[in-house]
Amino acid sequence: MKILIVEDEPLAAAQLAAHISALQPEAQILAVCDTIKATVEWLQNNEAPELAFFDIQLGDGLSFEIFEQTNFGQPVIFTTAYDDYAIRAFKVNSVDYLLKPIERSELKKALDKFQQLAKPATSSFTPDILHEVVASLKKKNYKERFLVKVGTHLRVIETTEVLYFYSFEKGTYAKLSDGKDYLLDQSLELVEAMVDPNVFFRINRKYLVALKSISDVIAYSNSRLKLKVQHPNDDDFLVAREKVKNFKSWLEGGV
């Protein structure tokens, strides 16, 4: 079994490799990459592994970006200290989702699942059980409200009030229907994983936009799209070129 590990904590990577070697002595660790950039470069220059372990939060972003920047289609076991990304993980070839610190018994179950799913003698990885898992996970209730601080007071804002979330000077803010902005405790990446993907779309690194906030979509330069939204900031709301296809699908109701 040829394995790629994507992990930015050297100790965690070493412990994972040790667990894998103990459980699967014949396994070959092809490489350990610690960033999205390094992983993309490795995948572009090497034969794809049979199985990959992806830490979700890396120093230069979320490992989901690897799928956006490459055609990587091999099965993945995600490892993370947070459980907020489970639904998103099972949409991208995920076999399992392990919470850190990883226990060897849980890793064994994940490896057993991978081997069970890989049994069919076809080259494509299409286990029906994953569709069942995704369907089950989609029943999860998305975050309905956020607690924010206003001066010395605390206020609850409903997710349905939010026009868009955005990052600014290392903070994450919610713009509400009344035009007011509120600072959140969560990162934009974490907010993205918490809210309903049928309602919100991450158009670029800065903005996570609600469908109801969009009043117009305009063809823009370099195959991009420009949005008109309610209560816009000074920025242009541009859909990143690599997200245009998925954005159009989202507009049509296909997440």
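Residues numbered from 1 in each chain as written. Predicted model: local features only at pLDDT ≥ 70, side-chain atom pairs only at ≥ 80, totals over all residues. Heavy atoms only, no water.

**Points about helix α5 (residues 104–117)**
Argument step 1. The terminal C-alpha atoms of α5, which comprises 14 residues, lie 20 Å apart, in line with the 20 Å expected from a rise of 1.5 Å per residue.
Argument step 2. Taken residue by residue, α5 has Leu-107, Ala-110, Leu-111, Phe-114 and Leu-117 as its buried positions. The arc enclosing the buried residues of α5, seen along the axis, measures out at 130°, which places them on a common side. (Helix = DSSP H or I, 4+ residues; strand = E, 2+ residues; numbered from the N terminus. Expected span 1.5 Å × (residues − 1). Buried < 20%, exposed > 50% of the residue type's maximum accessible area, 1.4 Å probe, protein only. Arc of directions from axis to C-beta.)

**A word on the packing of aromatic side chains**
Argument step 1. Within this structure, the stated rule accounts for 17 aromatic pairs.
Argument step 2. Judged by centre distance (5.8 Å) and plane angle (50°), the rings of Phe-54 and Phe-67 are tilted. Remark: Phe-67 occurs in helix α3 (residues 65–69) and Phe-54 occurs in strand β3 (residues 51–55); sequence separation between them is 13 residues.
Argument step 3. Residue Phe-54 is classed as buried on the basis of its relative accessible area of 0%.
Argument step 4. Following the ring pairs from residue to residue traces out a cluster consisting of Phe-54, Phe-64, Phe-67, Phe-72 and Phe-78.
Argument step 5. In this structure, Lys-143 is placed above the aromatic ring of Phe-146, and the distance from its NZ or CZ to the ring centre is 5.2 Å. (Phe/Tyr/Trp six-rings, centres within 6.5 Å; stacked < 30°, edge-to-face > 60°. Lys NZ or Arg CZ within 6 Å of the ring centre and 35° of its normal.)

**Examining the confidence of the model for the protein chain**
Segments scoring low in pLDDT should not have their predicted coordinates read at a detailed level.
Argument step 1. Residues of the protein chain with pLDDT of at least 70 account for 85%, and the chain-wide mean is 85.
Argument step 2. For residues 121–131, every residue scores under 50 in pLDDT, and the model assigns this stretch eleven contacts once sequence neighbours within four places are set aside.
Argument step 3. Scored below 50 in pLDDT, residues 133–139 makes seven contacts in the model with residues more than four places away or belonging to other chains. (pLDDT = per-residue confidence, 0-100. Contact = heavy atoms within 4.5 Å.)

**Observations concerning the nonpolar core**
Argument step 1. Counting 20 residues, the largest nonpolar core has Leu-4, Val-6, Phe-54, Phe-72, Val-76 and Phe-78 as its most contacted members.
Argument step 2. When residues of this core are assigned to their parent elements, the largest contribution, four residues, is made by helix α2 (residues 36–45).
Argument step 3. Counting 18 residues, the second largest nonpolar core, distinct from the first, contains Leu-16, Ala-27, Phe-53 and Ile-102. (Core = buried A, V, L, I, M, F, W, Y, C linked by side-chain atoms within 4.5 Å.)

**Side note on the sheet that holds strand β10 (residues 162–168)**
Argument step 1. Taken together, five strands build an open sheet; the order of strands is β12-β11-β10-β14-β13 and the sheet is antiparallel. Taken across any chain shown, the strands that pair with only one partner, and hence form the sheet edges, are β12 (181–184) and β13 (200–202). This sheet shows a mean twist of 20° between the axes of neighbouring strands, independent of strand direction.
Argument step 2. Those strands touched by helix α8 (residues 244–251) are β13 and β14 (207–210), and its axis lies near 175° from that of β13. (Pairing = 2+ DSSP bridges. Axes fitted to C-alpha atoms, helices over the stretch in contact; angles between N-to-C directions.)

**Focus: the pairing of β3**
Argument step 1. Burial within β3 is extensive, with five of its five residues counted as buried.
Argument step 2. Neither face of β3 is open: one carries Leu-51, Phe-53 and Asp-55, the other Ala-52 and Phe-54, and all of them are buried.
Argument step 3. Pairing analysis gives four bridges linking strand β1 (residues 2–6) to β3, with the strands arranged parallel. Residue pairing for β3: Ile-5 is matched across the bridge by Phe-53.
Argument step 4. Judged from the four bridges that link them, β3 and strand β6 (residues 76–80) form a sheet pairing that is parallel. If you follow Ala-52 over to β6, its bridge partner there is Val-76.

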